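Read off the chains here:
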Amino acid sequence: MEGGVNVTDKAEFKECLRLTWTQPYILRLVLSAGIGGLLFGYDTGVISGALLYIRDDFTAVEKSTVLRETIVSMAVAGAIVGAAFGGWMNDRFGRRPSIIIADALFFGGAVIMAFSPTPTVIIIGRVFVGLGVGMASMTAPLYISEASPARIRGALVSTNGLLITGGQFLAYLINLAFTKVPGTWRWMLGIAGVPALVQFVLMLMLPESPRWLYRKGRIEEAASILRKIYPASEVEQEIDAMRQSIEEEVRLEGSIGEQGLIGKLRKALGSQVVRRGLMAGVIVQVAQQFVGINTVMYYSPTIVQLAGFASNNTAMALSLITSGLNAVGSIVSMFFVDRAGRRRLMLISLVGIVVWLAVLGGTFLGAAHHAPAVSDMENQLFANRTQTCPEFNPNVHWSCMNCLKAASTCGFCAHQGELLPGACLVLNDMSRRTCHADHMEFYTEGCPNNFGWLALIGLGAYIVSYSPGMGTVPWIVNSEIYPLRFRGICGGIAAVANWVSNLIVTQTFLSLTKALGTSATFFLFCGVSALALVIVFFTVPETKGLQFEEVERMLERKDYKPWKRYQGVGDLEPTRKREIGLTEP
């Protein structure tokens, strides 16, 4: 999962509700910008269902796992470029124009996909959507944070994370709603342009971030916006606080010395504090992806079909459960991350992930061993109406799994509700229609079995384990572990590591299931997750309850051990306390 949820407490939520009621302009700003999170989540969820119908419409997509992976992952590739380019645009042109351009890209990509005549054009549309997602994913929370009152900033920024998971859930609902409509996948992908168009119009009527305006010397414009956000009695105080904050920010940037990207990077990596923090930050971001979450979010209906549910409608309906659990997990994390601690919550999460990936691997292994046989008698029933799979040899025992792994790409026609022998047929529309005409079910991904519901339980438990811990905490760790003067460049490195890891996982999952089998693929992710558990234990410190200065001092200690808990400034050496002004010399 990409994106993060800021941590808030109950008091902040109460203050948030009060202020948004008395100052509705704040709510207008937040919800308008938050549509970017909704688009991010919608794109993640919608492609998983649309892919089932794209596969049915284009034979090349049905027969090529690489082509299917490319359709999914090109949005991720576009997001990597969009996030990098968006950072430059944010500083050069402002937050508001960046969101508007992201909307235009997303809307254009949605239209291209809706009218795509070929898979290649779908891929082009996915790249455009990815560029928009990448820009919006980093700009929307930045705009919200800079246009929010400081005392409720966390609660308001957290709405962006909730809208991401809400967008995923909405995507599954819309996928389900359009299953019976002609041009199914075109509607699923094209309708994403509607919220992008809505945000485009809303952002034209909203102001630029006051902080960006102030940095550019447009002080009166910034003050005018702040007067709409804050009560009159607080405006001057907030303007003064912004001035001091920006002056300190500029001072820290100047302390780095070299202003070029290479110079900043060299300076950052020359610091032991940054190296330790960056190692922890990058590790948790890479681990977040390599435990396999986006195999679930991008391919959830396909995984349900691999578990033995052949119907597209059934696959998408059951996938709705995983999306809902992910959204609930994001909310749970907001309440527990400050109580349990970041490190502990990630480790508990990883233990659950390892256990349930092992259960999923074992479930798919059992399903493969109990797959129904291919019967020559059943094949002969279809001899006059369709074509038997070329690789099938009646003198050699074949199961449904052998049929689906055939080089010429075949499907298994099975009796509904019973694990009886079936027919192995060439995968084409005629075979599918003929099989359905005989009131049988046509399987192309997984085989009928008695283990399917156990796989769904394992999938749900995996999401419940992942979402509150590894789903949100890596972003929180990355917001706390870097010195302020290097936070931008280090955060960018960690975010790119996350997107690249996401791309690797999404581009290889289906190929792995074909090459290794579904069971072995989940066991592979289980092994990687177990390795991540060990690495996180030995490299990621606890930042719960520490001020930014205390985190920096912790990382520079000679006796630093990531698994050791440091109790704030009270645990610092006297000389270190004096250095940060906490005691008299």
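Basis of the calculations
Residues numbered from 1 in each chain as written. Predicted model: local features only at pLDDT ≥ 70, side-chain atom pairs only at ≥ 80, totals over all residues. Heavy atoms only, no water. UniProt positions renumbered as here; feature names shortened; annotations may be inferred. Helix = DSSP H or I, 4+ residues; strand = E, 2+ residues; numbered from the N terminus. Expected span 1.5 Å × (residues − 1). Buried < 20%, exposed > 50% of the residue type's maximum accessible area, 1.4 Å probe, protein only. Polar contact = N/O pair within 3.5 Å; in protein donor to acceptor, adjacent residues only side chain to side chain. Contact = heavy atoms within 4.5 Å. Disulfide = S-S within 2.5 Å.

Under an unreviewed UniProt entry, the name given to the chain is Major facilitator superfamily (MFS) profile domain-containing protein, and the source organism is Urochloa decumbens. Under the Sequence similarities (unreviewed entry) heading, UniProt states for the chain: "Belongs to the major facilitator superfamily. Sugar transporter (TC 2.A.1.1) family." Per UniProt, the comment on the chain under Subcellular location (unreviewed entry) is "Membrane".

**Details of helix H14 (residues 272-290)**
Its 19 residues place the ends of H14 27 Å apart at the C-alpha level, agreeing with the 27 Å of an ideal helix rising 1.5 Å per residue. For H14, every residue scored as buried is listed here: Val-273, Val-274, Arg-276, Gly-277, Leu-278, Ala-280, Gly-281, Val-284, Gln-285, Ala-287, Gln-288 and Gln-289. Where H14 begins, the capping side chain belongs to Ser-271, and its oxygen is found 3.3 Å from the backbone nitrogen of Val-273. One or two steps after H14, the chain reaches Gly-292, where phi turns positive at roughly 95°.

**Looking at the environment of Trp-187**
For Trp-187, the location among the structural elements is in helix H8 (residues 184-190). Judged by its relative accessible area of 47%, Trp-187 falls in the partly exposed class. C-alpha separation for the pair Trp-187 and Phe-115, spaced 72 residues apart in sequence, amounts to 9.6 Å. In contact with Trp-187, other than residues within four places in its own chain, are Phe-178, Val-181 and Pro-182. A polar atom in the side chain of Trp-187 sits 3.3 Å from the backbone oxygen of Pro-182.

**Topic: the state of the cysteines**
By the definition in use, this model includes 4 disulfides. Paired through a disulfide, Cys-400 and Cys-447 show a sulfur-sulfur distance of 2.0 Å. Where Cys-400 bonds to Cys-447 through sulfur, the torsion about that S-S bond is close to -95°, and the disulfide is left-handed. Of the two residues, Cys-400 is situated in helix H19 (residues 400-404) and Cys-447 in the loop between strand S3 (440-443) and helix H21 (452-466); the sequence distance between them amounts to 47 residues. One exposure class covers both Cys-400 and Cys-447, and it is buried. The disulfide partner of Cys-413 is Cys-435, and the S-S distance across this bridge is 2.1 Å. Between Cys-413 and Cys-435 the disulfide shows an S-S torsion of about 100°. By sign, it is right-handed. Residue Cys-413 is found in strand S1 (residues 410-415), and its partner Cys-435 is found in helix H20 (residues 429-437); the two are separated by 22 residues along the sequence.

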